[in-house]
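Geometric and topological summary
Listed here are the chains, written in short residue letters.
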Amino acid sequence: MSYMDGAVPSIPAKFKSEKSYHHHHHRFLRWHHFSLPKLLTLSFFAAAILFAFFLISPHSSSTVLRSSPTTERRSLRTSSSAAWGGPEWEKHVRSSARIRRRPFGISVLVTGAAGFVGTHASIALRRRGDGVVGLDNFNNYYDPSLKRARQALLSKSGVFLVEGDINDALLLSKLFDLVTFTHVLHLAAQAGVRYAMVNPGSYVRSNVAGLVSILEAARSATSQPAIVWASSSSVYGLNTQVPFSESHRTDRPASLYAASKKAGEEIAHVYNHIYGLSITGLRFFTVYGPWGRPDMAYFFFTRDILAGKPITIFEGSDGATIARDFTYIDDIVQGCLASLDTAQKSTGSGGTKQGPAQLRVFNLGNTSPVPVVELVAILERHLKMKAKRKVVKMPRNGDVQFTHANTSLAKKELGYHPTTNLQTGLKKFVKWYLTYYAPPSRSYLNKKGRGGSSTSS
Ligand SMILES: O=C(O)[C@H]1O[C@H](OP(=O)(O)OP(=O)(O)OC[C@H]2O[C@@H](n3ccc(=O)[nH]c3=O)[C@H](O)[C@@H]2O)[C@H](O)[C@@H](O)[C@@H]1O
């Protein structure tokens, strides 16, 4: 399926895809009960219907070639599951994109704005007086009610969130028609290392096709924005040189997730080379903090420790420690904003390159890896509860043994300087967690129906 196909959400619903697998499997089995003549008759009718559909379909290839997204005029469109368009919607988009900070303000399209990093970054930009328009498809990889709660935060800060998919070329084209974005902060992605073995297709749709869709929209814009996007520390894969530096090998990914991010870095090179797009890739190192992702270990360890449930801690094959360079959200936001501020302009216009453009990649980590067992010990102290540990050998699921960022380049070019250690950062996370998921009697938030189960891990 092409990335131009507006009807395909970039990340299919986790539960839907499982359901549809069983559904199709069941139907497949039923086909075996048909006799051959019946099958032939049915095939004939199916072919006739397909042919008729091809003739009348507005999406038949000839029609697609004739009508460009920008020339199609409809007051209200339904894309994925969400509606967008119309004068009210356009007013919201324009107003949210308006720069309040002069003379250096920027206008940013933030994809994945209802996500963890997206929410924090959007709010930080808005606070400075920059124009921000969010985009998110609210897929249910993890509890969408958490994303809705983040949306409420964004709305309180004056950030309008467009509900739609990064693979919807028509929607992107509309947004770029309405607003001259100076920058795109592209954070929408299928995250998670281990889930790639469950739903590989969603990594291709989101992290490969979705990125291309964003870059296509950006390169076609009359005034091309500069792009800053989220790559991942996982691109270092089986690299053993430490700390990981941008000049190290990244050609041995250990998971499809890592491979999809590495593919993104190569795709970025192409769009920079051909179209003169200014592109900065940020290799995030295990980002954590308040409003975080429930599929991450620190988050579901907290949930399970509080529930008295056992947690599974991975260890290396020879009993070696597994460690991560856990990075606090505020430090990551600082790195994102500094990347936007130092990004040079794209050189192309309307798809034509005018000269060489900036292409950068930075590690954004904490620079001090912490063993997962230590993460658990810190959580126990903050939660004042003991974890029920189950230590198992790390399964062959895409995980790597350790990550460790060298951030000298980001320090030099961005002034990046992480300031929050894991102890302090987790304290803030636990405080948020206990407020957000507190029992109904204690929580204002839950009274409004936002609490309850948090997981899709
Ligand atoms: O920095 C990155 O590039 C990546 O960081 C995280 O991936 P990961 O570091 O694997 O984060 P978690 O899934 O939270 O795992 C943290 C640590 O806990 C360990 N773990 C995880 C799950 C579990 O049940 N037990 C356990 O010991 C993992 O092996 C890992 O060492 C994110 O989930 C990715 O989206 C991100 O791109």
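Since the structure is predicted, the reported quantities are computational estimates derived from the model, not experimental observations.

What counts, and where the lines are drawn
- Residues numbered from 1 in each chain as written.
- Predicted model: local features only at pLDDT ≥ 70, side-chain atom pairs only at ≥ 80, totals over all residues.
- Heavy atoms only, no water.
- Near = heavy atom within 4 Å.
- Polar contact = N/O pair within 3.5 Å; in protein donor to acceptor, adjacent residues only side chain to side chain.
- Areas by Shrake-Rupley, 256 points an atom, 1.4 Å probe, with all protein chains shown as cover.
- Helix = DSSP H or I, 4+ residues; strand = E, 2+ residues; numbered from the N terminus.
- Nonpolar A, V, L, I, M, F, W, Y, C, P; charged D, E, K, R; others polar.
- UniProt positions renumbered as here; feature names shortened; annotations may be inferred.
- Buried < 20%, exposed > 50% of the residue type's maximum accessible area, 1.4 Å probe, protein only.
- Contact = heavy atoms within 4.5 Å.
- Pairing = 2+ DSSP bridges.
- Right-handed = clockwise from strand over helix to strand, strands pointing away.
- Expected span 1.5 Å × (residues − 1).
- Bend = angle between axes of the 7 residues up to and from the residue.
- Phe/Tyr/Trp six-rings, centres within 6.5 Å; stacked < 30°, edge-to-face > 60°.
- Axes fitted to C-alpha atoms, helices over the stretch in contact; angles between N-to-C directions.

Moving on: the site of the ligand. Surrounding the ligand, one finds 23 residues, the nearest of these being Arg194, Ser232, Tyr257, Thr286 and Thr312. In the environment of the ligand, an oxygen atom lies 3.2 Å from a nitrogen or oxygen atom belonging to the backbone of Gly192. For the ligand, an oxygen atom lies 2.4 Å from a polar atom in the side chain of Arg194. Out of a free accessible area of 690 Å², the ligand has 94% covered by protein chains. Going through the elements one at a time, helix 10 (297-306) and strand 10 (310-315) are the ones with two or more residues in the shell around the ligand. Partitioned by chemical class, the residues of the shell around the ligand number 13 nonpolar, six polar and four charged.

With that out of the way, let us pick up the UniProt feature "transmembrane region" (unreviewed entry) in the protein chain. The UniProt feature table records "transmembrane region" (unreviewed entry) at residues 39-56 and 104-125. As annotated, residues 104-125 comprises 45% helix and 23% strand, and the C-alpha atoms at either end are separated by 12 Å.

As a further point, take the environment of Ala97. Checked against the element boundaries, Ala97 lands in helix 4 (residues 87-97). Taking C-alpha positions, Ala97 is 9.4 Å from Gly134, a pair spaced 37 residues apart along the chain.

Within this numbering scheme, the UniProt entry marks residues 108-344 as carrying the feature "domain: NAD-dependent epimerase/dehydratase" (unreviewed entry). The span residues 108-344 is 43% helical and 18% strand by assignment, and the distance between its end C-alpha atoms comes to 14 Å.

A few words now on the side chain of Arg324. Here Arg324 lies in strand 11 (residues 323-324). With relative accessibility at 13%, the residue Arg324 sits in the buried group. For Arg324, the side chain forms a polar contact with the main-chain oxygen of Val400, separated by 3.0 Å. Those residues in contact with Arg324 that lie beyond four places of it in its chain are Thr286, Ser368, Pro369, Val370, Asp399, Val400, Gln401, Phe402 and Thr403.

Another aspect to go through is the pairing of strand 7 (residues 226-232). Counting buried positions along strand 7 yields seven of seven residues, so the element is predominantly enclosed. Of the two faces of strand 7, the one carrying Ala226, Val228, Ala230 and Ser232 and the one carrying Ile227, Trp229 and Ser231 are both buried. By the bridge criterion, four bridges tie strand 6 (residues 183-186) to strand 7 in an arrangement that is parallel. The residue of strand 7 that forms the bridge with His183 is Ala226. In terms of handedness, the path from strand 6 via helix 8 (residues 200-220) over to strand 7 forms a crossover that is right-handed. Relative to strand 8 (residues 279-284), strand 7 is paired through six bridges, and the arrangement is parallel. What sits directly across from Ile227, in strand 8, is Ile279. Each parallel crossover has a hand, and the one from strand 7 via helix 9 (residues 256-275) to strand 8 is right-handed.

Here we take up helix 8. Look at helix 8: 29 Å from first C-alpha to last across 21 residues, which is about the 30 Å you get at 1.5 Å a residue. A bend of about 30 degrees at Gly210 is the largest found in helix 8. The element helix 8 is largely enclosed, with a buried count of 15 among its 21 residues.

This brings us to the packing of aromatic side chains. By the definition in use, this model includes 30 aromatic pairs. The interplanar angle of 80 degrees and the centroid separation of 6.2 Å between the aromatic rings of Phe299 and Tyr437 together place this pair among those described as edge-to-face. A residue pair is termed long-range when its members are at least 10 positions apart, and Phe299 in helix 10 and Tyr437 in the loop between helix 14 (422-436) and helix 15 (444-447) qualify at 138 residues. Overall, the relative accessible area of 0% leaves Phe299 in the buried class.

Below, the discussion takes up the pairing of strand 3 (residues 107-111). The buried fraction of strand 3 amounts to five of the five residues, a majority that puts the element mostly inside the structure. Burial of the side chains of strand 3 extends over both faces: Ser107, Leu109 and Thr111 are buried on one face and Val108 and Val110 on the other. Examined bridge by bridge, strand 3 and strand 4 (residues 131-136) share five bridges and lie parallel to one another. Considered in strand 4, the bridge of Ser107 is made with Gly131. Read as a crossover between parallel neighbours, the route from strand 3 over helix 5 (residues 116-128) to strand 4 is right-handed. Across four bridges, the pairing between strand 3 and strand 6 is parallel. Residue Leu109 lies in a different strand from strand 6, and its bridge partner there is Val184.

Moving on: the sheet that holds strand 6. The parallel open sheet is built from seven strands, whose spatial order is 5-4-3-6-7-8-13. A strand with exactly one partner marks an edge of an open sheet, and here the two such strands are strand 5 (160-163) and strand 13 (359-364). Recorded for the sheet is a direction-independent mean angle of 20 degrees between the axes of neighbouring strands. Relative to strand 4, helix 4 is tilted by about 130 degrees, and along the sheet it contacts strand 3, strand 4 and strand 5.

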